[in-house]
Amino acid sequence: MSEDVTALLKRAYQDEIETVMNYMTNSIVLDGVRAEEIKESLQTDIQEELTHAEQLGNRLKQLDEKPPGSASFEARQHDLQPPEDSTDVLAVINGVLTAEEDAIETYRALIDAAEEANDPVTEDLAVTILADEEAHRTEFRGFKKEYDRE
């Protein structure tokens, strides 16, 4: 199996776990009437991101690899940290957009690596998750448009 494929699977797995943590934290700490829709969206997305992590972990196991544990965890989502001002919904929206862009980039790289390695199962999984990440990005672009108009 391609080392590129397994390295990207592990990176994507860690990114999904980090996204769950950051979405949960932001859905808890945001305050204000305008925050409610964002909080609800984040809470809904948590389960989907957790499912992605599980799918990626299972694929790693199928390839005789292990998903990484917390000892090898490296936080990368600096833009998605909870804002100083708990009413700064736009900071969270921008953080989600950055995280989704990073995820999209990772899944596109995984698709290319899996295709090159002749691994259609991983390629199919990455295409499916990529579609979910692009849908999340579209949703949060819509939220951002509302804030940009004001």
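A quick note: this is a predicted structure, and the numbers were derived from the prediction, not measured.

Calculation rules
Residues numbered from 1 in each chain as written. Predicted model: local features only at pLDDT ≥ 70, side-chain atom pairs only at ≥ 80, totals over all residues. Heavy atoms only, no water. 1 Å grid on protein atoms, 1.4 Å probe; cavity = no way out; pocket = protein on both sides within 12 Å on 5 of 7 lines; lining within 4 Å. Points joined across faces, edges and corners; volume = space filled by probe spheres on them. Helix = DSSP H or I, 4+ residues; strand = E, 2+ residues; numbered from the N terminus. Nonpolar A, V, L, I, M, F, W, Y, C, P; charged D, E, K, R; others polar. Patch = residues over 30% accessible without salt bridge, like charges linked within 9 Å, V, L, I, M, F, W, Y side chains within 5 Å. Areas by Shrake-Rupley, 256 points an atom, 1.4 Å probe, with all protein chains shown as cover. Salt bridge = Lys/Arg side-chain N within 4 Å of Asp/Glu carboxyl O. Lys, Arg positive; Asp, Glu negative; His and termini not counted. Charge placed at Lys NZ, Arg CZ, Asp CG, Glu CD. Buried < 20%, exposed > 50% of the residue type's maximum accessible area, 1.4 Å probe, protein only. Core = buried A, V, L, I, M, F, W, Y, C linked by side-chain atoms within 4.5 Å. Contact = heavy atoms within 4.5 Å. Polar contact = N/O pair within 3.5 Å; in protein donor to acceptor, adjacent residues only side chain to side chain.

## A look at empty space enclosed by the protein
Under the definition given, this model contains 2 cavities of 30 Å³ or more. One number sums up the size of the largest cavity: a volume of about 90 Å³. Forming the boundary of the largest cavity are 13 residues, of which E16, T19, A99, A103 and E133 lie nearest the centre. Mapped onto the lining of the largest cavity, the elements with two or more residues apiece are α1 (3–29) and α3 (89–116). Taken together, the residues of the lining of the largest cavity break down into 5 nonpolar, 3 polar and 5 charged. Size it by volume and the second largest cavity reaches roughly 40 Å³. Taken together, D15, R76, Q77, A99, D102 and A103 make up the full set of residues lining the second largest cavity. In terms of residues, the lining of the second largest cavity owes the most to one element, α3, which gives 3 residues. Considering only residue class, the lining of the second largest cavity consists of 2 nonpolar, 1 polar and 3 charged.

## A short note on a negative patch on the surface
Together, E3, D4, D112, E115 and E116 give the surface a local cluster of negative charge. Listed by contribution, the elements that provide at least two residues to the negative patch are α1 and α3. Per-element accounting of the negative patch gives the leading share, 3 residues, to α3. Following the sequence through the fold, E3 ends up in helix α1. In this structure E3 comes out as exposed when scored by relative accessible area, which is 68%.

## Brief notes about the nonpolar core
Residues V5, L9, L56, Y107 and L110 are the most contacted members of the largest nonpolar core, which totals 20 residues. No other element matches α3, which puts 7 residues into this core. Those residues within four positions of L56 in sequence are excluded, and the remaining contacts are L9, A12, Y13, E16, Y107, L125 and I129. If you look at the next biggest cluster of nonpolar residues, it comprises 17 residues, including V20, V89, V96 and L97.

## Let's talk about the side chain of S27
Residue placement: S27 occurs in helix α1. A distance of 2.9 Å separates a polar side-chain atom of S27 from the backbone oxygen of M24. Each residue touching S27, except ones within four places of it in the same chain, is listed here: K39, L42, Q43 and I46.

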